[in-house]
Number of protein chains: 4
Amino acid sequence: MLTDAQHQEIAAARAAEARTRRPTVPALEALLFQPVPVLDHGFLRVIDYMGDDAAIVQAARVSYGAGTKATNEDRGLIRYLMRHRHSTPFEMCEIKYHVKLPIFVARQWIRHRTANVNEYSARYSILDREFYVPAPEHLAAQSASNRQGRGAVLEGAEAAEVLDLLRQDAARNYDHYAAMLNEDAEGNPVDPARQGLARELARMNLTLNTYTQWYWKTDLHNLLGFLSLRADAHAQYEIRVYAEAMLETVRAWVPHAFEAFRDYRMGAVTLSAQMLAVVRRMLAGEAVPAAGSGLSKREWRELMAMLGCDESGSALPGGASPGAESAGAR
Amino acid sequence: MLTDAQHQEIAAARAAEARTRRPTVPALEALLFQPVPVLDHGFLRVIDYMGDDAAIVQAARVSYGAGTKATNEDRGLIRYLMRHRHSTPFEMCEIKYHVKLPIFVARQWIRHRTANVNEYSARYSILDREFYVPAPEHLAAQSASNRQGRGAVLEGAEAAEVLDLLRQDAARNYDHYAAMLNEDAEGNPVDPARQGLARELARMNLTLNTYTQWYWKTDLHNLLGFLSLRADAHAQYEIRVYAEAMLETVRAWVPHAFEAFRDYRMGAVTLSAQMLAVVRRMLAGEAVPAAGSGLSKREWRELMAMLGCDESGSALPGGASPGAESAGAR
Amino acid sequence: MLTDAQHQEIAAARAAEARTRRPTVPALEALLFQPVPVLDHGFLRVIDYMGDDAAIVQAARVSYGAGTKATNEDRGLIRYLMRHRHSTPFEMCEIKYHVKLPIFVARQWIRHRTANVNEYSARYSILDREFYVPAPEHLAAQSASNRQGRGAVLEGAEAAEVLDLLRQDAARNYDHYAAMLNEDAEGNPVDPARQGLARELARMNLTLNTYTQWYWKTDLHNLLGFLSLRADAHAQYEIRVYAEAMLETVRAWVPHAFEAFRDYRMGAVTLSAQMLAVVRRMLAGEAVPAAGSGLSKREWRELMAMLGCDESGSALPGGASPGAESAGAR
Amino acid sequence: MLTDAQHQEIAAARAAEARTRRPTVPALEALLFQPVPVLDHGFLRVIDYMGDDAAIVQAARVSYGAGTKATNEDRGLIRYLMRHRHSTPFEMCEIKYHVKLPIFVARQWIRHRTANVNEYSARYSILDREFYVPAPEHLAAQSASNRQGRGAVLEGAEAAEVLDLLRQDAARNYDHYAAMLNEDAEGNPVDPARQGLARELARMNLTLNTYTQWYWKTDLHNLLGFLSLRADAHAQYEIRVYAEAMLETVRAWVPHAFEAFRDYRMGAVTLSAQMLAVVRRMLAGEAVPAAGSGLSKREWRELMAMLGCDESGSALPGGASPGAESAGAR
């Protein structure tokens, strides 16, 4: 994952300290620069940050003026802002990560446009010989019911063959990439009789599970938007593990904002106008049949799962509903 | 609002037609260029557009591939996209408005950053002598309960005085602006003995209810984000009327997207993790007291209003709940 | 590149016409929907557009008011706007492309964030068996002098071996991808005894020269920013050919803006404060030595090339300078 | 400008220090929180920052890889990045300001969309009784030659009248605003018989020179874009003074980036393709007449001013050209 030289560089960076007048968060300082391992060769580490829970409150108070002083504690104001989607104060905090991740994950991630990115460039430099191969327990079959989902884990010979193919193809393609480049570590030709293919061309032979890395910087509002999609149960496992590692950094950094996000975004559900009408009728004691609900079958199932009811609309005992885990999922 | 020359220009533009291979929406073509009056001197008109409901579907199908052909009708797919917040296909439609609006409304509006804007510049040109004065029925007192809200309508002498002040101050300040400029309609000095103040300085004497105008262009996704905030009951009346006029243009332009937006965004409600837990307990037959709900008083009131219940948690008869009008409000 | 069914769909779309009140550009209508071949299996086609040269002028005139009527022709105003980097009026035009391109090109392209994108998703669907293999004349060696550049074309046995590796590795990896998926064209298992790997996982075995496709929509200002970087001599050949195809669509669409872009952006050069000082001294008749110029060696060489001088600062005869081709390059 | 309580708050914030592992810039720490007076009642102060010159280099090195280690000093790399408009590494630094500014200046400023803003809201709170009135030496007449520019300073009676009007109108309108609100400092009615106009309405009576304030946060790349337009000689004086105060904070924060910005952006000039052709002919010894240059009269004048030549194309003695001050102006 990291070379010895890199580990020493990180240790040196962690040992150095300076005095600052800026808002400082000791719990995040403790994590600073430290790589959190993700997947088989990836990592995520916080490189820098700006602001804290108090910076959110400070910005909200300039917007809403003296009035917000009545809200006499920061936690309450942050929860109010989150609940009512007053998003601009959350933009006043900024964080920068260094991430090592497979290219196919990077391709999903980069779709979040409101961020600053510097990626390792294979036009200029040579990528490391590292590729993601799923652990056997994550080698999932295609879901039969859900086009973008995963089904049961592959087993036996099929699993073994798939893992072999992934490993062999990535390794062979990397080796051919290196051979086409014809460069040693100092940039000199390995075989002086060959010219060496341009890096910007040779890279096309690499597989999508090759690792890349980047610096990625965003504000807290956009980070929470990223996390609400990517730390969600419907996100692909390979990006979700990065999002979950980031969630822990948010918890250390801005604990009030984190808690409000969990309550009002991650754990929240949205009811359509038609769903709300069904809930009102149920609360008024009516036995609403799926057929007359105005909802599609799929929406009906989703609603009943949210409400902890079985498909006939009866509350399941103990609150342990079959849909409990999907509350808030998107 | 518009000069005779402008009315003639609009009539000429509406009379001209061309042939195109692009997706075309007859219902929106019928509205094209036609100013919709808003407030006392403002208007809104559609100047151009790109795409239609089918363009949303087309983009979704390139993303989700052949699979989406199973979703055998466009309306269903658009509703699915809206419900699951797959926002990028809605970005494939674009619309451009010409708007005349008071400066204090423009200042709220411009906070929506993902749009293209060309505003009439008072550095270069002289603003018209037009200012917004509320109709008496919109002359609201400050809300006692809600810091950003309006209370009852002002009455009697106080109302009359306020209207007089607004009218007189705007008119006097405009007249002084014109006097400081010392320019006639051809740009020649009115009083040759005076130099005339620079336009970029003289404008600072104008009041915030002076009308300005701009071209404003955005994609459908960002437009719906704008409308979900500004066509909402909590938006200031003076911007809400513009948003409502825009909603009608969306209805004509992309009827399926409009309907999905109404059901899944405007008419939808979001329940926090704690609110959802309360609803589940109520549906299981429990009489949940506000005190033990885990909700703040304000959240409890909001939840009961959403659910059509009184503050003790009992369903109100007839579904005609006190909170009905606030469903979907933010 | 395109299936017969797709060709028929395009022909049908091109045959259909409607009447519109919107600004219409016959020269661009003539190109609409028609795929322009790019690279070995890629293409680019215009799907929709909004606005024209007159729309730029219209927006500028609302900004700069009556004053701009003095600029009595559109071409002059557009050139003025381009020259003085008044960019907002160019944002009032919008265009949408459908592009088929290799993944490694898509990864460069997506770095331009101010655009709307819907990409074919390999989570949901199966990619086509198409990959980019350079034509022999584009199989360049790594530049010795320029880390990101290309040197001479590979020759003989080395070229043949590289092409073989690229072809074989892409084909083998695709075939393994298909085998791991275990799906036929109808989505049924090829081998009923196997489960089939999830699409979102299997795709990681593909090489970076596999073709993907997307809808990409942006405004004219951001498009020109893209083209100034990607239609430039320093851009990688494989993205430059797309940019050059787009330039031709811009020429058809907004001829005045295109011409101004060519003169004031593509063909323009920027002189630093220090470079400008050198030029002034040279024009005053001074023989400025590189050493005393305040420029680095590299900047000196760049400046002399721009100016059509040799490295001693003497004008080259006939204006045919060695650096002529790099004017405007970045 | 600031109340005593605010001055004490700032002194307390400046006195507090913490230890951090983050990159820290002592020269900017020294300025932190300290208000820099701008115009008659405005100010600008740095509230927080992230990154330094080394953070730009760090991001560039992840992009351009080991290769950039050859560039063995940070200053050279930063200059290279600025010269070649590699903008993304500059996005890795972030800064947050607290600004008090007249509303008409805020309206120009907010057009820069790539920033995070929280403005004092006159919907929620009551604005201070402060308005900008130009110092006599900035009370400029309208430029006769340049529609957006300023001419000579107003003099004598006209100046006195203008200043009186600006002062009286702003003060009267503010007093009427306060009277319509009918609120004392505690929010209680001044006259219990009146209801008080809603704040969101009363504000429309204020003039555009009333002061507002905001928190404004952006990255270094976008900040430099702002400064290249607003610290320029063509910017309106009242925003330029803010930009100049910001330039000083940039100089303290990232001295290498500042220097590169000054040389390659602020002090640089752009030559169109046609202008470059003229310069080449002049350097080859040709006496190029304006008429045969392919430039418009205005472009010819601009070029000659840039080059330190008179309008016939002859170099002016001593390098003290009439156009020297406009180099780099846009």
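All values derive from a computational prediction rather than experimental measurement.

What counts as what
- For every chain, the first residue of the written sequence is number 1, and numbering continues from 1 along that sequence.
- Just so you know, chain letters begin at A and ligand numbers begin at 1, following the order they were written in.
- Only residues with pLDDT of 70 or above have their local features reported here, since the model is predicted, and side-chain atom pairs are shown and tallied only from 80 upward, although totals for entire chains, interfaces and linings are computed over all residues.
- To get the side-chain values, all heavy atoms of the structure are used, and hydrogens and water are removed first.
- Any two residues having at least one pair of non-hydrogen atoms within 4.5 Å are treated as being in contact.
- Computed with a 1.4 Å rolling probe, the buried area is the accessible surface lost when two parts are put together, summed over both parts.
- Each salt bridge in this description consists of a side-chain nitrogen of Lys or Arg and a carboxyl oxygen of Asp or Glu lying within 4 Å of one another.
- What marks off one domain from the next here is an automatic or database domain assignment.
- A score between 0 and 100, pLDDT records how confident the predictor is in each residue.
- Each axis is a line fitted through C-alpha atoms, taken for helices only over the stretch in contact, and angles between the N-to-C directions span 0 to 180 degrees.
- Each helix is a run of DSSP H or I of at least 4 residues and each strand a run of E of at least 2, with the numbering of both proceeding from the N terminus.
- The cut-offs work like this: below 35 degrees is roughly parallel, past 145 is roughly antiparallel, 65 to 115 is roughly perpendicular, and the gaps in between are oblique.
- Definitions for this section: a left-handed crossing has its near helix turned counterclockwise from the far helix by less than a right angle. A right-handed crossing has that turn clockwise.
- Three residue categories are used. Nonpolar comprises Ala, Val, Leu, Ile, Met, Phe, Trp, Tyr, Cys and Pro, charged comprises Asp, Glu, Lys and Arg, and polar comprises the others, including Gly.
- Here the copies are superposed with least squares, the fitted atoms being C-alpha atoms of residues at a pLDDT of at least 70 in both.
- UniProt positions are given in the numbering used here, feature names are shortened, and annotations may be inferred rather than shown by experiment.
- Remark: exposure states derive from per-residue accessible area (1.4 Å probe, protein chains only) relative to the maximum for the residue type, with buried under 20%, exposed over 50%, and partly exposed in between.
- Here a Phe, Tyr or Trp ring, Trp counted by its six-membered ring, pairs with any other such ring whose centre lies within 6.5 Å, and the pair is stacked when the planes are under 30 degrees apart, edge-to-face when over 60, and tilted otherwise.

Visitor: Just checking my understanding: could you explain the interface of chain B and chain A for this structure?
Guide: It is common to give the size of an interface as the accessible area that goes away when the parts come together. Listed by partner, the interface residues are 42 residues for chain B and 42 residues for chain A. Summing the contributions of chain B and of chain A, the shared interface buries around 3500 Å²; its carbon and sulfur component is 50%. Counting the contacts that link chain B with chain A gives 6 salt bridges. Here Glu302(A) and Arg83(B) are joined by a salt bridge, their closest N and O atoms 2.9 Å apart.

Visitor: Explanation requested: the domain arrangement of chain A in the structure shown.
Guide: Assigned domains within chain A: domain 1 (4-125 + 210-266), domain 2 (136-205) and domain 3 (273-326). Using only C-alpha atoms to locate each centre, domain 2 of chain A and domain 3 of chain A end up separated by 46 Å.

Visitor: Can you walk me through the confidence of the model for chain A in this structure?
Guide: Caution applies to low-pLDDT regions: their predicted coordinates should not be interpreted in detail. Here chain A averages 91 in pLDDT, and 92% of its residues register 70 or above. Taken together, the stretch residues 320-330 of chain A has pLDDT below 50 and engages in 22 contacts with residues farther than four places along the chain or on a different chain.

Visitor: Any chance you could explain the packing of helix H8 (residues 220-230) of chain C against helix H10 (residues 255-266) of chain C here in plain terms?
Guide: Angle between the axes and distance between the axes: these two values describe a pair of packed helices. Residue and element names in this part refer to chain C. Remark: H8 packs on H10, axes separated minimally by 12 Å, with the N-to-C direction vectors making an angle of 45°. When the axis of H8 is compared with that of H10, the two are oblique. As for the relative orientation of H8 and H10, their crossing is right-handed in sense. Each of Leu-220, Leu-224, Gly-225, Leu-227 and Ser-228 in H8 lies in contact with H10, whose residues at this interface are Ala-257, Phe-261, Arg-265 and Met-266. Taken together, the residues of the contact of H8 with H10 break down into 6 nonpolar, 2 polar and 1 charged.

Visitor: Hey, could you run me through the relation of the copies chain C and chain A in this one?
Guide: The pair of chain copies shares a relation made of a rotation about an axis and a shift along it. The transformation that overlays chain C on chain A combines an axial shift of 0.0 Å with a rotation of 180°, and the residual RMSD is 0.1 Å. Read as a symmetry element, the transformation amounts to a two-fold axis. Distance from the rotation axis, computed per C-alpha, reaches its smallest value in chain C at Thr207(C): 2.1 Å. Here 100% of the contact residues of chain C are again contact residues in chain A; the copies associate through an equivalent surface.

Visitor: How should the UniProt feature "binding site: FAD" (unreviewed entry) in chain A be read in this particular structure?
Guide: Residue and element names in this part refer to chain A. As annotated in UniProt, the feature "binding site: FAD" (unreviewed entry) corresponds to Thr-88, Arg-111, His-112, Arg-113, Glu-119, Asp-219, Leu-220 and His-221 in the numbering used here. In terms of the greatest pairwise C-alpha distance, the residues named above, spread along 134 residues, do not form a single cluster, extending to 27.5 Å across. Residue position: Glu-119 is located in strand E5 (residues 116-119). A relative accessible area of 13% means that Glu-119 is categorised as buried. Here His-221 shows up in helix H8 (residues 220-230). Assessed through its relative accessible area of 25%, His-221 is described here as partly exposed.

Visitor: Looking at this model, I keep getting lost on the packing of aromatic side chains. Mind explaining?
Guide: Aromatic ring pairs are defined here through the distance separating the ring centres and the angle between the ring planes. Residue and element names in this part refer to chain C. If you walk through the whole model with that rule in mind, you get 30 aromatic pairs over all chains. Look at Trp-109 and Phe-226: their rings are 5.0 Å apart centre to centre, the planes differ by 45°, and that puts the pair in the tilted class. In this pair, Trp-109 sits in helix H5 (residues 103-109) while Phe-226 sits in helix H8, placing the two residues 117 residues apart along the sequence. The residues Trp-109 and Phe-226 share a single accessibility class, namely buried.

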